[in-house]
Amino acid sequence: MVKVFIRYIIYLTIAQILCSANLQGQEAPISVKEDSIPFRDTASLAYVANDTSSVRSDTLEPTATSTLSSPVDYQAADSIESFLNEKRIILKGNAKVLYDNIELTAAYIDINFNKNEIFAKGRTDSLGNEIGLPIFKEGQDLYESREIRYNFKTKKGIITDVVTEQDGGFLHSRRTKKHSNNIIDLKAGKYTTCDHEHPHYYIAMSKARVIQNDKIVSGPLYLVIEDVPTPIAIPFGFFPFTKEKTSGLLLPRYGESERRGFSLEDLGYYWALSDYMDLKVVGSIYSKGSYEATVSSRYKKRYRYSGQLSFMLSKIIESEKGLADYVNTDAYNLTWHHSQDPKARPNSNFSANVNLKSTSANRYSTQMNNYLQNTVNSSVNYSHSLPGTPFSFNAQLRHTLNTKDSTVAMTLPSLNLNMQRITPFEPKNSNKPPNILQKIGITYGSRLENRFTVKEDELFKKDVVEEFKFGVKHDLGVKTSAKILKFLNFSPSASYTERWYFNSLRKKYEESLFVGQDTVYGKTTTDTITGFNRVYDYNVSAGVNTTLYGLYTFQPYMPVEAIRFVHSPSVSYSYRPNFTLDKYGYYDHVEGAPDRTYSYYDNGIYGVPSGTRSGSINLSLGNQVSMKIRTPNDSTSSTKKIDLLKTLNFSTNYNIVADSMNWSPLSMRASTNLFQKVNVRFNATMDPYALDPITFKKIDKYQFNVDGKLGRITRASVSFNFKLDSKMFEGDEVSEEEQQKVVTDYYDYFDIPWSFTLDYKYTFSKPQNTKSVVQTVGLRGNFSVTDNWKIGFRTGYDIERRKMSATTLDITRDLHCWVMSFHWVPFGDRQSYSFTIGVKSSILQDLKYDKRENWYDNAQY
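Residues numbered from 1 in each chain as written. Predicted model: local features only at pLDDT ≥ 70, side-chain atom pairs only at ≥ 80, totals over all residues. Heavy atoms only, no water.

(A) Looking closely at the nonpolar core. Core analysis: the biggest nonpolar cluster contains 21 residues, and Tyr 74, Ile 80, Ile 89, Leu 91, Val 97, Ile 109 and Ile 118 have the highest contact counts within it. Elements that contribute at least two residues to this core include exactly strand S2 (72-76), strand S4 (88-99), strand S5 (102-112), strand S6 (117-121), strand S11 (147-151) and strand S12 (156-166). By residue number, the principal contributor to this core is S4, which donates 5 residues. Apart from residues lying up to four places away in sequence, Ile 109 is in contact with Ile 89, Ile 90, Leu 91, Ala 95, Lys 96, Val 97, Leu 104, Ile 118, Phe 119 and Ala 120. Tyr 201, Met 205, Trp 818 and Val 839 belong to the second largest nonpolar core, which has 17 residues in total. (Core = buried A, V, L, I, M, F, W, Y, C linked by side-chain atoms within 4.5 Å. Buried < 20%, exposed > 50% of the residue type's maximum accessible area, 1.4 Å probe, protein only. Helix = DSSP H or I, 4+ residues; strand = E, 2+ residues; numbered from the N terminus. Contact = heavy atoms within 4.5 Å.)

(B) Just unusual backbone geometry, in detail. Residue Leu 412 is joined to Pro 413 through a cis peptide bond whose omega torsion reads -5 degrees. With respect to the element layout, Pro 413 can be found in strand S30 (residues 407-422). Here Glu 226, not a glycine, exhibits a phi torsion of approximately 50 degrees, which is positive. Along the polypeptide, Glu 226 turns up in the loop between strand S17 (221-225) and strand S18 (228-234). Unusually for a residue other than glycine, Arg 802 sits at a positive phi of about 55 degrees.

(C) Spatial organisation of the pairing of strand S15 (residues 201-211). Of the pairings in the sheet, the one linking strand S14 (residues 183-192) to S15 comprises 8 bridges and is antiparallel in character. Counterpart to Ile 184 in the pairing with S15 is Val 210. Both S15 and S17 contribute to a ladder of 5 bridges, which runs antiparallel. Considered in S17, the bridge of Met 205 is made with Leu 221. Pairing between S15 and strand S16 (residues 215-218): 4 bridges, direction antiparallel. In the sheet register, Ile 211 faces S16, and the bridge partner there is Lys 215. (Pairing = 2+ DSSP bridges.)

(D) Region of the structure containing the pairing of S18. Pairing geometry for S17 and S18, over 4 bridges, is antiparallel. Opposite Val 224, over in S18, you have Pro 229 as the bridge partner. Hairpin connection, S17 to S18: the antiparallel pair is bridged by 2 residues, and Glu 226 has positive phi, about 50 degrees.

(E) Geometry of a nonpolar patch on the surface. On the surface, a cluster of nonpolar side chains totalling about 940 Å² of accessible area is made up of Leu 249, Leu 251, Leu 267, Tyr 269, Trp 271, Leu 273, Tyr 276, Met 277, Val 281 and Val 295. Elements represented by at least two residues in the nonpolar patch include exactly strand S22 (261-271) and strand S23 (277-286). Of all the elements, S22 adds the most residues to the nonpolar patch, at 3 residues. Topologically, Met 277 is positioned in strand S23. Given the relative accessible area of 37%, Met 277 is considered partly exposed. (Patch = residues over 30% accessible without salt bridge, like charges linked within 9 Å, V, L, I, M, F, W, Y side chains within 5 Å. Areas by Shrake-Rupley, 256 points an atom, 1.4 Å probe, with all protein chains shown as cover. Salt bridge = Lys/Arg side-chain N within 4 Å of Asp/Glu carboxyl O.)

(F) Region of interest: a negative patch on the surface. A surface patch of negative charge is lined by Asp 457, Glu 458, Asp 463, Glu 466 and Glu 467. Along the chain, the position of Glu 458 falls in the loop between strand S31 (441-455) and strand S32 (469-479). Taking relative accessible area as the criterion, Glu 458 reaches 35% and is therefore assigned partly exposed. (Lys, Arg positive; Asp, Glu negative; His and termini not counted. Charge placed at Lys NZ, Arg CZ, Asp CG, Glu CD.)

In structure tokens, the structure reads:
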């Protein structure tokens, strides 16, 4: 708000720019161009333009003794009057004066060199309206007033009824006086963010003094709403201001909570450390003993990097001591967001998205989104690519917090070296297409990681080092492709994976074991052996795929032109040997229990090669069906495409080396869009093998041989999504004859923006004998009752549990420069409401009334 007063100085000094007189009071010579209008030795009118349709213009050039740094252009639509005796220039009718990037326009401008004054005003038209009011522009800034009078010798001036806009705010002043020492006095001032000529609200100032680049001191200030003064007032105001960044006190918010008591929130101090960095310290206290302190900083260097860092520490005390819901715990939250400008280092990038927090920071957060968050993830990433080579390097630090069981999983660090696909046998300069050998591509990747998972309260203990799991993994892939019989794509490939572990396990079964003074029977002990271990596996595969097209056309008189079928069959074979054999040395029997098998590397972070041999034939079939219909009434296209089935896919595999149950479950997936409005998705898994009627375990017997069914549906789900909005009813323009046929004596609801979405999902699961069904329906929408009233809602229902899901109702009323909002959660653990009415602009965001009942007062932890 205070920045706008600085512009008055420029506004008032426009006369000084126009004047070529000596500022010491001596009469200065007037330089006139040969084709300009000369002064005449007469007290009467020297020149009046008779043709009012033309624009008269002239230029005043700077002289050696003048203070002008560039020419002054001035023009008027009606007349330019020059008086030699009075040393005066009068511009009438759309008068304009230009100097550098400054422009002054008004219906009437009077420049008097005898009095060292410039005067500008508007005029009254035949209807009694004021037009041509003085307007001053400098760059993008614009100021409008009723009158301007300025003395360029004394540097004093008077402005009447000025209105100016700056940073989203408007300042009205009935009378403004500028002093020579960069001091401006205001009388009957108003500040508002309302852009109406007569604002709906404003902060009234009886009088104020502005000292440029220093401060503003004002008399009584009070809030006026719809021309009604309110009791919200202060006896005086003192506002230090400067164009530079400044430090200062941050005013708090006041609140009330049943569980935490009365509160004073976000009281603190802001430091403007430099042009590149700031610092903010805020704190909150509650009457029942809770408190919170937050230190945050933002930093930015243009074309290099930007980010923000924040640390929060709090003590949470809720309810009353001795009650069952009493809470007394600590919480912390460290966040860091950093991003690098892509232009800073094109081949390297460093970024951070850190959110380290305690479980209690989420569980007792006042923000609903945090309360509903199950996992919290953090990462710090550095990547670098080597120009001119296929290699790139990546380093990461990762952190994951599970707020349900308070476990923390960290990866410190993860180092990755990757090689993009290279084709070493492809000729460099050849016009012939490459053959199958020349298409051979090789990829490589290696990863080094150190991981550990602990409970949150054990994270900073010394013995957390014992939980570290370290390993290195190498992946090598070779792949090529070729065309067979023009239409078949043949793709053989091979992959090799090698893991480096630095310890292994040895297990022993003890029939009886002394633990302290007790004897434990039937216990398996595990010893960790330190040493380098190389664990590898490999597999080969080859596949053939193609695409088949089918088209069925209809007669020209039918509305359907054609139906198109697309089929994408694929067959592949993959082989992996049995890595449980002794020659690999990965598996062994538990000592003392030969019927139990384990792997030496069960604790490895990259797992262990699979223990069974596999030779699988993988089968898949993808389908799409679309229809083309005729649209004779469409002027842009004669046909329209409609997807009958977007996807209809099937996949399974057959293990030819397995001794039983060779088939894997059949996976089915389908999707379509009914009437271009209803999205339908379906997926299911069918197991061809039956269950033992007693143990309910899968047996080597087809379900078809048991009850004649193709298999058992172990999992299936279907979902519908239907969206309807007002845009669907926006059609092409109709002729006047068609408009006359339309009944017009009803309210056109489709003129009001609205949207409704209905969701339904059914999920069935029965892997063995126990069946599980989840069935939910959801409805959400929003609509505008009028241009200013908007209503939004969200609700849902769990049909199986017979319970409503989270339901919300939002009502918003646009009050031009104010806004009213009501948010209501009518039932459930997060039952709450909030009512707010306040100023739209962020400049006066604290000017509001807020009434709420917090949802966490009703939450059950």
